[in-house]
Amino acid sequence: MVNKDKVIVDHLEIINTKTACNKSYYELKYHDVETNEWCIGYSSYSLPIVLAYILEYFILKMMR
């Protein structure tokens, strides 16, 4: 298995929008600590897939 670099974030939320057909579309909004940028991505029509993205691609770092 290939080691993947994970994105270190201090804020992570799931955005749920509805398509024209009233179908849910899920996206992750996150703040990348290294670049200090807000991003939206890692999207899917499947909530379980988006939840798996969180575990696979992110490290949540709590800021004090």
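Refer to the structure printed above.
We now turn to the structure provided with this report. For every chain, the first residue of its written sequence is number 1, and the numbers climb from 1 along that sequence. This being a predicted model, a pLDDT of at least 70 is required before a residue's local features are given, and a value of 80 or more before pairs of side-chain atoms are given or counted; all residues contribute to the totals for chains, interfaces and linings. Side-chain measures were taken over the full set of non-hydrogen atoms in the model, leaving aside hydrogen atoms and water.

1. Considering the sheet that holds strand E2 (residues 24-32)
- Reading across the sheet, the 4 strands line up as E3-E2-E1-E4 and stay open at both edges, with mixed pairing between neighbours. Unpaired on one side and paired on the other, strand E3 (37-44) and strand E4 (58-60) mark the two borders of the sheet. When the angles between neighbouring strand axes are averaged without regard to direction, this sheet yields 40 degrees.
- The sheet contact formed by E2 and E3 spans 6 bridges and is antiparallel. For two strands to be treated as a pair, DSSP must find no fewer than two bridges joining them. Each helix corresponds to a stretch of at least 4 residues labelled H or I by DSSP, and each strand to a stretch of at least 2 residues labelled E; elements are numbered beginning at the N terminus. Only the stretch in contact is used when a helix axis is fitted, and all axes are lines through C-alpha atoms; the angle between N-to-C directions ranges over 0 to 180 degrees.

2. Side note on the packing of aromatic side chains
- Here a Phe, Tyr or Trp ring, Trp counted by its six-membered ring, pairs with any other such ring whose centre lies within 6.5 Å, and the pair is stacked when the planes are under 30 degrees apart, edge-to-face when over 60, and tilted otherwise. As enumerated under the stated definition, the model contains 7 aromatic pairs in all.
- Each ring, one from Tyr42 and one from Phe58, has its centre 5.0 Å from the other, and the planes form 70 degrees; the classification is edge-to-face. Of this pair, Tyr42 sits in strand E3 while Phe58 is found in strand E4, placing the two residues 16 residues apart along the sequence.
- The class of Phe58 is buried, set by a relative accessible area of 7%.
- For the pair Tyr53 and Tyr57, a centre-to-centre distance of 6.0 Å together with 55 degrees between the ring planes defines the contact as tilted. Highlighted residues: Tyr53 and Tyr57, both in helix H1 (residues 47-57), separated by 4 residues, approximately one helical turn.
- Type-normalised accessible area, obtained with a 1.4 Å probe on protein chains alone, sets the label of each residue: buried when under 20%, exposed when over 50%, and partly exposed for intermediate values. Looking at Tyr53, the relative accessible area reads 23%, which means it is partly exposed.

3. Considerations on the nonpolar core
- For our purposes a nonpolar core is just a set of buried Ala, Val, Leu, Ile, Met, Phe, Trp, Tyr and Cys residues, chained together by side-chain atoms within 4.5 Å. Membership of the largest hydrophobic core is limited to 7 residues, which are Val7, Val9, Tyr26, Leu28, Tyr30, Val50 and Phe58.
- Sorting elements by how many residues they give to this core places E2 first, with 3 residues.
- Throughout, a contact is declared for two residues whenever any of their heavy atoms are within 4.5 Å. What Phe58 contacts, discounting residues up to four positions off in sequence, is Lys6, Val7, Val9, Leu12, Leu28, Tyr30, Tyr42 and Tyr53.

4. A closer look at unusual backbone geometry
- A positive phi angle is found at Asn22, which is not glycine, with a value near 65 degrees.
- By secondary structure assignment, the location of Asn22 is in the loop between strand E1 (7-18) and E2.

5. Focus on the pairing of E2
- By the criterion of burial, E2 is predominantly enclosed, with 7 of the 9 residues buried.
- In this sheet, E2 lies alongside E1 in antiparallel orientation, the contact comprising 9 bridges. Residue pairing for E2: Glu13 is matched across the bridge by Lys29.

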